[in-house]
Amino acid sequence: QVQLVESGGGLVQAGGSLRLSCAASGSISNILTMNWYRQAPGKQRELVAAITSGGSTNYADSVKGRFTISRDNAKNTVYLQMNSLKPEDTAVYYCNADLILLRGGRPYDYWGQGTQVTVSS
């Protein structure tokens, strides 16, 4: 019913930039919060950045000042601009959305399949 598809991952040198995108499609009425998480090998998944439908944002301390989350509500798409990348940013990045379906009811939580970001030193 609902799909979240990420794109934009890849290999980049330290100090470089990448822009991740995540497009939500399907029987969606309203998307509340859209988030980016990441999971490095051997580590727990962590919240990187979040943005509400109104545009309020929140960032992990480790990425503040380097990453910027934004969204296009008309396209049901969230972006993550990542600048000044560090090797410790290497992880699989996952898109997550809290949304209400067309049939109504409570919000549901959906995840994308993940996109690999690798930062070489």
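Notes on the structure in this doc start here.

Rules of the game
Residues numbered from 1 in each chain as written. Predicted model: local features only at pLDDT ≥ 70, side-chain atom pairs only at ≥ 80, totals over all residues. Heavy atoms only, no water. Core = buried A, V, L, I, M, F, W, Y, C linked by side-chain atoms within 4.5 Å. Buried < 20%, exposed > 50% of the residue type's maximum accessible area, 1.4 Å probe, protein only. Helix = DSSP H or I, 4+ residues; strand = E, 2+ residues; numbered from the N terminus. Contact = heavy atoms within 4.5 Å. Disulfide = S-S within 2.5 Å. Pairing = 2+ DSSP bridges. Axes fitted to C-alpha atoms, helices over the stretch in contact; angles between N-to-C directions.

1. Looking at the nonpolar core
(1) Moving on: Ranked by size, the top nonpolar core spans 33 residues in total, and within it Trp36, Leu80, Met82 and Tyr93 carry the most contacts.
(2) Moving on: Mapped by element, the contributors of at least two residues to this core are β1 (2-7), β3 (18-26), β4 (28-39), β5 (46-51), β7 (67-72), β8 (77-82), β9 (91-101) and β11 (115-120).
(3) Moving on: Ranked by the residues each element gives to this core, the list is headed by β9, at 6 residues.
(4) Moving on: Ignoring any residue separated from it by four or fewer positions in sequence, one finds Tyr93 in contact with Glu6, Leu20, Trp36, Tyr37, Arg38, Val48, Phe67, Leu80, Met82, Gly114, Thr115 and Val117.

2. Regarding the state of the cysteines
(1) Moving on: Inspection of the entire model under this criterion finds 1 disulfide.
(2) Moving on: Here Cys22 connects covalently by a disulfide to Cys95, the sulfurs 2.1 Å from one another. With the S-S bond torsion at -80°, the cross-link from Cys22 to Cys95 turns out left-handed. Placement of the pair is Cys22 in strand β3 and Cys95 in strand β9, with a sequence separation of 73 residues. Cys95 carries the same exposure label as Cys22, and that label is buried.

3. Looking at the sheet that holds β3
(1) Moving on: Spatial strand order, β1-β3-β8-β7: 4 strands in an open sheet with antiparallel pairing. The outermost strands of the open sheet, each flanked by one partner alone, are β1 and β7. Looking at each pair of strands side by side, their axes are set apart by 15° on average, direction ignored.
(2) Moving on: In this sheet, β3 lies alongside β1 in antiparallel orientation, the contact comprising 6 bridges. Residue pairing across strands places Gln3 opposite Ser25, the latter belonging to β3.

4. Overview of the pairing of β5
Successive side chains on a regular strand alternate, one facing one side of the sheet and the next facing the other.
(1) Moving on: Looking at chain direction, β4 and β5 are connected through 5 bridges and run antiparallel. Along β5, the bridge assignment pairs Tyr37 with Leu47.
(2) Moving on: Counting the residues in the hairpin turn of β4 and β5 gives 6 residues, including Gly42, whose phi is positive at 75°.
(3) Moving on: Pairing of β5 with strand β6 (residues 57-59) involves 3 bridges; the strand directions are antiparallel. Among the inter-strand pairings, Ile51 is bridged to a residue of β6, identified as Thr57.
(4) Moving on: Here β5 hands over to β6 after 5 residues, with Gly55 in that stretch at a positive phi of 100°.

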